[in-house]
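Structural overview for review
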Amino acid sequence: MNSLWAVTLATLVKDIRLEWRSKDALNSMLFFSLLVVVIFVFSFDPLAEESRHIVGGLVWIAFLFAAVVALNQTWARELRNQVLDAYRVSPAPANGLFIAKAVGNFIFVCVLEALMTPLFVIFYNLHVLGPAWQLIPIALLGTWALVVNGTFFAAMSLRTRNREIMLPLLLFPVSIPAVIGMVAGTTAILTGENSAHFYIVLLLTYDVVFTTACLGLFKTILHAE
Amino acid sequence: MKKLFPILALLTAIFLIYTSYQALRVAPTDALQGDVYRIIYYHVPSAWTAFLLFFINFIASVQYLARTRASSQRTVQWVVIAIGVAGVAATFLPQVQSLLPAGMRPSAVATTVLAIPAFYFLLGWLFPGDRMDMLALTAAEVGVVFCTIVLVTGPIWARPVWGIWWAPGDIRLTSTLVLWLIYVSYLVLRRFSSSAQTQILAAALAIFGALDVPLVYLSIWFFRTQHPQPVIGGGGSMDPRMLHTLLLSWMAFLCFGFLVCWSRFRMEVLKREVEGAEAMESLAGGAATPKASLPLSRSAR
């Protein structure tokens, strides 16, 4: 157990330090989602009343696409100098690596969301009509849902041809329940028409189920030869 | 076995023609929908066949992953037995029975639950080693074809009856569509992955897909369903003559699906034999003359 946390922490700190110095993933994600926001503003140009109904969808589409940009880079870093091969032959627990990568991505996407949300508010003149604090659990649980499966599928698509395209093809179908939960929950809070409790429970269930599945299967995926 | 295939194919063709005749001529016309409803004899059997094939794919994937280690194989076996026993016992508890949707019989649920251990051990016994993975691939491919038929015939039927092609947010329609999407992504993964690890990756994806389906159901729980209840084991009721034709039609579709799976499976076996032979040949080196090389090398070129 001790070594699991040691490995997790070491990998996580390494990833954050690398990201802090290069800012590769964060910059590309930020610019990408900014582009998505601007294109949406041009293509819809909604009134404040309408925008409450559609922004839940737009926000999560922007974050979903941006997260894919970051997720694609997670494992590519470990391919250089055969780091992943070295990891495979070492006795370090495989799940430590997975947890570190997932948590790292979670932090990056959360930073992105914190920076991008004010932009959405400005561009779409948003006033939240429901209990706004509930957006925080929805954002955290939804982000984890995207990131935990995304990290797993990114590891899976490493072994495939055109892996950059493979990741969204694998990730999006499985993420549909989570996306429904995030979008419907966000819309429910923005419009204040109904309660978002059900969607928070749904996202929590999704997170528990798929985190367990990822942790159970990651070792097999890492060592698949 | 090889000689049996054309005979079975002929019998299946006759059976399909007979059920088409039954569906289009003999079965009574629906009082409300008129003749339009007759598409049910293609829509519903395709759906049942597709779900059965996806179920087989899931069982085969679990079995394939479990076989990678002896310890996990034993664990999964006990889990499967436990699911069977607990599932059957639970359906006869009054608390669980009250949770079942109205009209769904506990015995039908118990039989469905029992299918999990039954299929697990039957497939494990019939398909040793790498053949399990070939079975998973075959079931997924043919399942996607049948699921496509469901998704095409559904809107054709919905348009005259409901007035719309597609009911967005409908629980059955959405879950079938998501199932189809998951299995298409499964096939894409198999296509784009290099051969050595594909099988394990695909098996893992199949398990993720199977976990996803209940969550899709949960996520659209609040939406009303426009789709009728299940015909068997559910609350729906049907004229016995219609049910008879429907079941005959399903039998015919199952025979047809079995034949397609069989030939696809044979093809996969041959393909892997050829690949293996080619790999052995290149290992042996180019020095060996073509005549002295492995027997399959000529047909491979």
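The structure presented is a predicted model; accordingly, all values stated were derived computationally and were not measured.

We now examine the overall build of chain B. When helices and strands are tallied, chain B shows 10 helices and zero strands. Listing each helix as α and each strand as β along chain B from the N terminus yields α-α-α-α-α-α-α-α-α-α. For chain B, buried positions account for 28% of its 301 residues. Intrachain contacts of chain B at a sequence separation of at least 6 include 76% that bridge at least 24 residues.

Below, the discussion takes up the overall build of chain A. Each helix and strand in chain A was counted, giving eight helices and zero strands. The order of α-helices and β-strands along chain A, N terminus first, is α-α-α-α-α-α-α-α. In summary, chain A has a C-alpha radius of gyration of 18 Å against a globular reference of 17 Å for 225 residues, a match within 12%. Overall, the C-alpha framework of chain A stretches about 55 × 35 × 30 Å when taken along its three principal axes. Contacts in chain A between residues at least 24 apart in sequence constitute 85% of all its contacts with a sequence separation of at least 6.

A word on the interface of chain B and chain A. Contact with chain B, which involves 28 residues of that partner, is made by 26 residues of chain A. If you list the elements that add at least two residues to the side of chain B that touches chain A, you get helix 7 (171-192) and helix 8 (195-219) of chain B. The element best represented in the side of chain B that touches chain A is helix 8 of chain B, accounting for 15 residues. The class makeup of the residues in the side of chain B that touches chain A is 20 nonpolar, seven polar and one charged.

Residue and element names in this part refer to chain A. An ideal rise of 1.5 Å per residue puts 30 Å on 21 residues; helix 1 (residues 2-22) measures up with 30 Å between its terminal C-alpha atoms. Burial in helix 1 covers these residues: Val7, Thr8, Thr11, Asp15 and Glu19. Considered in projection along helix 1, the buried side chains sweep an arc of 100° and stay on one side of the axis. Seen from the open side of helix 1, the exposed residues pointing more than 90 degrees away from its buried face are Asn2, Val13, Arg17, Trp20 and Arg21.

Looking now at helix 5 (residues 94-124) of chain A. Residues and elements named next belong to chain A. For helix 5, with 31 residues, the first-to-last C-alpha span of 44 Å sits near the 45 Å given by 1.5 Å per residue. The sharpest bend along helix 5 measures roughly 30° and falls at Met116, with the proline Pro118 sitting one to four residues further on. Downstream of helix 5 by one or two residues, Asn125 has phi in the positive range, about 50°.

If you look at the biggest cluster of nonpolar residues, it comprises 123 residues, and the most contacted ones within it are Ala67 of chain A together with Ala136 and Ala204 of chain B. Sorting elements by how many residues they give to this core places helix 2 (residues 40-66) of chain B first, with 17 residues. Setting aside its immediate chain neighbours within four residues, Ala136 of chain B contacts Asn57, Ala60, Ser61, Tyr64, Ala203 and Ala206 of chain B.

Here we take up the environment of Phe65 of chain A. All names here are of chain A. With respect to the element layout, Phe65 can be found in helix 3 (residues 48-79). Accessibility expressed as a C-beta count within 10 Å gives 15 for Phe65, which makes it partly exposed. Between the C-alpha atom of Phe65 and that of Ala114, which follows or precedes it by 49 residues, the distance is 16 Å. Among all residues touching Phe65, those that are not within four sequence positions of it are Phe32 and Val36.

It is worth spelling out the confidence of the model for chain A at this point. The share of residues in chain A with pLDDT of 70 or more is 99%, and the mean pLDDT across the chain is 87. For chain A, helix 3 of chain A is the element with the lowest average pLDDT, namely 85, and helix 6 (residues 135-157) of chain A is the one with the highest, namely 92.

All names here are of chain A. Between helix 6 and helix 7 (residues 163-191), the shortest axis-to-axis distance is 9 Å and the interhelical angle comes to 170°. As the angle between them shows, helix 6 and helix 7 are arranged roughly antiparallel. For the contact of helix 6 with helix 7, the residue count by class is 15 nonpolar, eight polar and one charged.

Before going further, it helps to spend a moment on the packing of helix 6 (residues 131-162) of chain B against helix 9 (residues 240-284) of chain B. Residue and element names in this part refer to chain B. Two numbers describe how helix 6 lies on helix 9: the axes approach to 9 Å, and their chain directions differ by 135°. In this view, helix 6 runs oblique relative to helix 9, as classed from their interaxial angle. As helix 6 packs across helix 9, the resulting crossing turns out to be right-handed. Here helix 6 contributes Met134, Leu135, Leu137, Thr138, Ala139, Glu141, Val142 and Phe146 to the contact with helix 9, which in turn contributes Gly257, Val260, Cys261, Arg264, Phe265, Glu268 and Val269. Of the residues contributing to the contact of helix 6 with helix 9, the split by class is 10 nonpolar, two polar and three charged.

What follows is about the confidence of the model for chain B. Residues and elements named next belong to chain B. Per-residue confidence for chain B averages 83 on the pLDDT scale, and 86% of its residues sit at or above 70. Mean pLDDT in chain B bottoms out at helix 10 (residues 297-300), which sits at 43, and peaks at helix 6, which reaches 92. Scored below 50 in pLDDT, residues 297-301 makes six contacts in the model with residues more than four places away or belonging to other chains. As a predicted assembly, this complex carries a pTM of 0.86 together with an ipTM value of 0.86.

Quick look at unusual backbone geometry now. All names here are of chain A. Positioned with a positive phi, Lys23 is a non-glycine residue whose angle comes to about 55°. With respect to the helices and strands, Lys23 occurs in the loop between helix 1 and helix 2 (24-44). Overall, the presence of 11 C-beta atoms within 10 Å leaves Lys23 in the exposed class. A positive phi is found at Asn81, a non-glycine position, where the angle reads about 55°. Tracing the sequence through the fold places Asn81 in the loop between helix 3 and helix 4 (83-89). Accessibility expressed as a C-beta count within 10 Å gives 8 for Asn81, which makes it exposed.

Conventions used here
Residues numbered from 1 in each chain as written. Chains lettered and ligands numbered in written order. Predicted model: local features only at pLDDT ≥ 70, side-chain atom pairs only at ≥ 80, totals over all residues. Helix = DSSP H or I, 4+ residues; strand = E, 2+ residues; numbered from the N terminus. Buried ≥ 20, exposed ≤ 12 C-beta atoms within 10 Å, placed from the backbone. Contact = placed C-beta atoms within 7 Å. Rg over C-alpha atoms; globule rule 2.2 N^0.38 Å. Nonpolar A, V, L, I, M, F, W, Y, C, P; charged D, E, K, R; others polar. Expected span 1.5 Å × (residues − 1). Arc of directions from axis to C-beta. Bend = angle between axes of the 7 residues up to and from the residue. Core = buried A, V, L, I, M, F, W, Y, C linked by C-beta atoms within 7 Å. pLDDT = per-residue confidence, 0-100. Axes fitted to C-alpha atoms, helices over the stretch in contact; angles between N-to-C directions. Parallel < 35°, antiparallel > 145°, perpendicular 65-115°, else oblique. Left-handed = near helix turned anticlockwise from the far one by under 90°.

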